[in-house]
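Residue-level listing of the chains:
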Amino acid sequence: MPNLYTLNASEANRGIKQGDFTAEEYVWSIIERIERVERKVHAFITLNKENALDDAREIDKKIRTKEDAGSLAGVTVGIKDNISTHGLKTTCASKMLENYVPPYDATVVERLKNYGAIIIGKLNLDEFGMGSTTEYSRYGATHNPWNVDYVPGGSSGGSGAAVSSCECTVSLGSDTGGSIRCPASFCSVVGLKPTYGSVSRFGLISYANSLEQIGPICRSVEDVVTIMNAISGHDSHDDTCFSPRSNFPYLHINQDRTFSSIAIVKELIDGCDPVVSRTIYSALDKFKEFGLESTEISLKSVKYALPSYYTIAMAEASSNLARYDNIRYGFSFPVEGFEWNTYISNVRSNFGEEVKRRILIGSYVLSSGYYSKYYLKARQLRSLLRQELLSNFAKYDLLVGPTMPVLPFRIGEKIDDPLKMYLMDVDTVLANLAGIPAISIPAGYSNDLPIGLQLMAGPFQEQKLIDAASLFENATNVARSPEI
Amino acid sequence: MVSGLVSKDELKHLGWISRINLSEEEIETFHHQLGDTIKYIDVLETLDSENLNLDSLEIDFSNLREDKTLGFTKDLIPKSVLAQEGYVKGPKMI
């Protein structure tokens, strides 16, 4: 039998239920793995070791007494640390929330627990989800398991790295402009950004609420299906959740092929690193072997997408982060000697530099005189882009391109040039602006550094993404976990 | 580096309306970095948006849940250092 910590969710759940090993043995194998590799990877902010072992013993008890332990029984899930967990510290990788312990579970966490999943810990991210490398965490950078001198992507870098290094079975991330797909691509794992409104955001600490969605990061497409079926669907606590739970499409693996036409987006492939574009064209050749020819299309609004995305995201950030006044939750800083405004301005200087930059630019683009020049234009572009994408989804089932235009790079290499960092998100922000689903699937390597293929589909067409990703996964067999 | 798009005085004002104290060092760095970013998003000006609408996402907000008071339990009181005996202490207003 392989090392238990390498098992996927379905294998772990099956092994526990069949009595091949206990949930406690499985969780211990994950904990021992974390103890061996975490000092190199630094994927976690908080470990939930004792509670995870208690939960595992409860599952073993249920199995012994033949109670239903759930379809995720024993599966260890790492949760991005901007998703609320009852009784477990949730910091957003910020000093502003260093002592915050939520009094409730996010809906996605509650649902995972109801299916028997075990929360193994809270994972590192760029502060409040603002970044593409996880270097902006106030608790230290996460390292890419494929080469620990390199960034794992971000902002859900802890979620990508922990899954790739087998420090948890699966993880949850959140994706505002690519924050699930970027680390999935850089760490050679599978990451899905679901349709806006298909997964509840209740308990996700907001950064840019009109753009972000929670989604899974896993080592297999099958696990993405299992996690999506557990977390998706209507939630009365989130009015942006669309359909009643019973009507949300239940996803399947290895069903009939639901897609027949693929288009590659010229603008996404044009500006990327040549080694990345070669890998993407090789991926298209693989689809061709299955009789799926691809057509090249051009999307004229793409050139405005990234400036539009950053305008909207920073405007929403400046509003969403206005709540952090250090009064209701925060760090130790006595109020004596300050009047209200001075106190708040002082404590808010404790935000990290990237968060400050985004709040300041957000305030700028919403200022009188600039609102119609930037914010209004960005909203209009968003509408135009969505229309353009939807009209293409009437002709093609899937639009493809690279997830990231570049390979993972060395930690510290781009940290002093924020604009250069922003430009890396050029391929991923389309799905967030248009509210459509997109998946990143490992496509190959260059010098042992992973490259991801991105597939996008129309709203609520996740099944098409799953079918295409599954076909590609079976045909290519790209490794998910390196030796560490 | 582009400077001049956001003057240092303008940056101090942005810091004030955002309620973030900026150090002299931050003003120097952000002055350049924000200039670069704002120059980049300036491309939006060239977007011909005369006939564009704003219904980017078709979310139906017409049927929102009723806004009603739910039970309040003590565990919702923050664990902040400023919370004492069920009250939260804030700085003086004036």
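Think of each chain on its own: its residues are numbered from 1, step by step along the sequence as written. The lettering of chains begins at A and the numbering of ligands begins at 1, in the order of writing. Residue-level local features of this predicted model are given only where pLDDT is at least 70; pairs of side-chain atoms are given and counted only at 80 or more, and the full residue set underlies all totals for whole chains, interfaces and linings.

(A) Structural context of the overall build of chain A. When helices and strands are counted, chain A shows 16 helices and 11 strands. Radius of gyration (C-alpha) of chain A: 21 Å, near the 23 Å computed for a compact globule of 484 residues. With the C-alpha coordinates aligned to their principal axes, the bounding extent of chain A is approximately 65 × 60 × 45 Å. Exposure classes come from backbone-placed C-beta atoms, where a residue is buried if 20 or more other C-beta atoms lie within 10 Å of its own, exposed if 12 or fewer do, and partly exposed in between. Counting only residues that meet the buried cut, chain A has 60% of its 484 residues in that class. With C-beta atoms placed from the backbone, a contact is any residue pair whose C-beta atoms sit within 7 Å. Within chain A, contacts between residues separated by at least 24 positions form 77% of all contacts whose residues are at least 6 apart in sequence. Helical segments are the DSSP runs of H or I of at least four residues, strand segments are the runs of E of at least two, and each set is numbered from the N terminus. For this measure, only C-alpha atoms enter the radius of gyration; the expected value for a globule follows 2.2 Å times N^0.38, where N is the number of residues.

(B) Focus on the pairing of strand S10 (residues 438-446) of chain A. All names here are of chain A. Two strands form a pair only when DSSP identifies at least two bridges running between them. Pairing of strand S5 (residues 190-193) with S10, which is carried by 3 bridges, proceeds in the antiparallel orientation. Directly across from Gly191, in S10, lies its bridge partner Ser440. If you look at the hairpin formed by S10 and strand S11 (residues 449-456), you'll find 2 residues sitting between the two strands, and Asn447 has a positive phi there, around 50°.

(C) Main features of the sheet that holds S5(A). Residues and elements named next belong to chain A. Spatially, the 11 strands line up as an open sheet ordered S1-S3-S2-S4-S6-S5-S10-S11-S9-S7-S8, and their pairing is mixed. Bordering the open sheet on either side are strand S1 (44-47) and strand S8 (294-297), each of which pairs with just one other strand. Across the sheet, the mean angle separating the axes of adjacent strands is 30° when strand polarity is ignored. Taken together, the 8 bridges between S10 and S11 define a ladder with antiparallel strand orientation. Paired with Ile439 across the two strands is Leu455, which belongs to S11. The angle between two axes is taken between their N-to-C directions and runs from 0 to 180 degrees, where each axis is a line fitted to C-alpha atoms and a helix contributes only its stretch in contact.

(D) Focus on the packing of helix H10 (residues 302-320) of chain A against helix H12 (residues 353-365) of chain A. Residues and elements named next belong to chain A. H12 packs onto H10 with a crossing angle of 100° between their chain directions and a minimal axis gap of 7 Å. In terms of axis orientation, H10 runs roughly perpendicular to H12. Between H10 and H12, the contacting residues are Thr311, Met314, Ala315, Ala317 and Ser318 on the first element and Arg358, Ile359, Ile361, Gly362, Ser363 and Val365 on the second. For this classification, Asp, Glu, Lys and Arg are treated as charged, while Ala, Val, Leu, Ile, Met, Phe, Trp, Tyr, Cys and Pro are nonpolar and the rest, including Gly, are polar. In the contact of H10 with H12, the residues fall into 6 nonpolar, 4 polar and 1 charged. Orientation labels follow simple angle bins: below 35 degrees gives roughly parallel, above 145 gives roughly antiparallel, 65 to 115 gives roughly perpendicular, and whatever is left gives oblique.

This is a description of form; function is not addressed.
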